[in-house]
Amino acid sequence: ETGVTQTPRHLVMGMTNKKSLKCEQHLGHNAMYWYKQSAKKPLELMFVYSLEERVENNSVPSRFSPECPNSSHLFLHLHTLQPEDSALYLCASSQDPSGGPYEQYFGPGTRLTVT
Amino acid sequence: AQSVAQPEDQVNVAEGNPLTVKCTYSVSGNPYLFWYVQYPNRGLQFLLKYITGDNLVKGSYGFEAEFNKSQTSFHLKKPSALVSDSALYFCAVRGPGAGSYQLTFGKGTKLSVIP
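Given the structure is predicted, the values throughout are model-derived calculations rather than measurements. (Residues numbered from 1 in each chain as written. Chains lettered and ligands numbered in written order. Predicted model: local features only at pLDDT ≥ 70, side-chain atom pairs only at ≥ 80, totals over all residues. Heavy atoms only, no water.)

Undergrad: Any details on the sheet that holds strand β3 (residues 18-25) of chain A? Residues and values, ideally.
TA: All names here are of chain A. Ordered in space as β1-β3-β8-β7, the four strands form an open sheet in which the pairing is antiparallel. Strands at the two margins of the open sheet, each flanked by one partner only, are β1 (4-7) and β7 (64-70). Averaged over all pairs of adjacent strands, the angle between their axes in this sheet comes to 20°, without regard to strand direction. (Pairing = 2+ DSSP bridges. Helix = DSSP H or I, 4+ residues; strand = E, 2+ residues; numbered from the N terminus. Axes fitted to C-alpha atoms, helices over the stretch in contact; angles between N-to-C directions.)

Undergrad: Tell me about unusual backbone geometry, and please be specific about residues and values.
TA: In this structure, the amide linkage connecting Thr7 of chain A to the following residue, Pro8 of chain A, adopts the cis form with an omega of -10°. With respect to the element layout, Pro8 of chain A can be found in the loop between β1 and β2 (10-13). A positive phi angle, near 60°, is found at Tyr61 of chain B, a position not held by glycine. Along the chain, the position of Tyr61 of chain B falls in the loop between β7 (56-58) and β8 (64-68). Take Tyr61 of chain B: its relative accessible area is 52%, and that puts it in the exposed class. (Buried < 20%, exposed > 50% of the residue type's maximum accessible area, 1.4 Å probe, protein only.)

Undergrad: Please provide a residue-by-residue account of the pattern of salt bridges, values included.
TA: Residues and elements named next belong to chain B. Inspection of every chain in the model, using the stated rule, returns six salt bridges over all chains. In this structure, Lys58 and Glu64 form a salt bridge, with 2.9 Å as the shortest nitrogen-oxygen distance. Its salt-bridge partner being Lys78, residue Asp85 comes within 2.8 Å of it at the nearest N-O pair. A single burial state applies to Asp85 and to Lys78, both of which are buried. (Salt bridge = Lys/Arg side-chain N within 4 Å of Asp/Glu carboxyl O.)

Undergrad: Give a detailed account of the pairing of strand β8 (residues 73-79) of chain A, specifying residues and quantitative values.
TA: In regular strands, side chains alternate between the two faces of the sheet. All names here are of chain A. For β3 and β8, the ladder comprises seven bridges, and the chain directions are antiparallel. Following the sheet pairing, Lys22 is matched in β8 by Phe75. Connecting β7 to the next strand, β8, in antiparallel fashion are two residues.

Undergrad: Please give an account of the state of the cysteines that cites residues and values.
TA: Throughout the structure, instances matching the rule amount to two disulfides over all chains. Two residues, Cys23 of chain A and Cys91 of chain A, share a disulfide whose sulfurs are 1.9 Å apart. One disulfide, between Cys23 of chain A and Cys91 of chain A, carries an S-S torsion of -70° and so falls in the left-handed class. With Cys23 of chain A in strand β3 and Cys91 of chain A in strand β9 (residues 87-94), this pair connects stretches of sequence that are 68 residues apart. Classification of Cys23 of chain A by relative accessible area gives buried; the value is 0%. In this model Cys23 of chain B forms its disulfide with Cys91 of chain B; the gap between the sulfur atoms is 2.0 Å. Residues Cys23 of chain B and Cys91 of chain B are joined through a disulfide that is left-handed, its torsion about the S-S bond being -60°. Note that Cys23 of chain B is positioned in the loop between β3 (19-21) and β4 (24-26) and Cys91 of chain B in strand β10 (residues 87-94), a separation of 68 residues in sequence. Comparing Cys23 of chain B with Cys91 of chain B shows no difference in burial state: the two are buried. In this model Cys68 of chain A remains outside any disulfide bridge; the closest cysteine sulfur is found in Cys91 of chain A, 9.1 Å from its own. According to the relative accessible area criterion, Cys68 of chain A is buried, its value standing at 11%. (Disulfide = S-S within 2.5 Å.)

Undergrad: So what's going on with the interface of chain B and chain A? Residues and values would help.
TA: Residue-level contacts link 23 residues of chain B with 25 residues of chain A. Both sides together, the interface formed by chain B and chain A hides about 2,000 Å², and carbon and sulfur atoms give 54% of it. Of all residues in chain B, Leu44, Tyr101 and Phe105 of chain B give up the largest surface area on contact with chain A, accounting jointly for 30% of the area buried on that side. Here chain B and chain A share one salt bridge between them. Here Glu103 of chain A ties to Lys49 of chain B by a salt bridge, and the two come within 2.7 Å at their closest N and O atoms. Scanning the region where chain B abuts chain A turns up five residue pairs in polar contact (both at pLDDT 80 or more). Where the side of chain B that touches chain A is concerned, the elements lending two or more residues are β5 (32-38), β6 (44-50) and β10 of chain B. (Contact = heavy atoms within 4.5 Å. Buried area = accessible area lost by both parts, 1.4 Å probe. Polar contact = N/O pair within 3.5 Å; in protein donor to acceptor, adjacent residues only side chain to side chain.)

Written as structure tokens, this is what we have:
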């Protein structure tokens, strides 16, 4: 276990549904991240939160809406998704909120299927 | 802009033989370099990192990596492969400097260790 948990592990949703992914870290870290992992593509950084403030948004469509209520929890709210949004969504956390040489610790991911 | 190349989609090695997974990078300034491993249906696990200093970095599970600045490479190595090492391996790079949140990953190399 890496100290980062994600729920649910699997999610199937229709294009008109609204759902949320949850991430929790038990490592005392100050930064949290959402990544998208699709087959045959490199990991795509979606959002970065540093000290509960969003500091990076990598041109992610508005149908993905992140929320970071405190330094231990991160949510990704989903609505009106497209089939191409089906992927593994990974949450990660790290010690240093300003980037730097610190490694990120990843959760097990949520496998999302949009039908 | 920073980038990572993992030139091999798949590496096959016999159990007990040495293994090498290749990685080259491009970044402005001195890089922070990382290796991660991903087992099926799991998130990424941190293996090792290079920040500065000794070019040979030792990490988890007997893995090590050699930083070569002139060749801009950071190849992952292990003297004797185990069947349990079979997984997907990712190299990642981050440039120096505060606010450098972007951790750029390669596409991954699938390692298969044959009994």
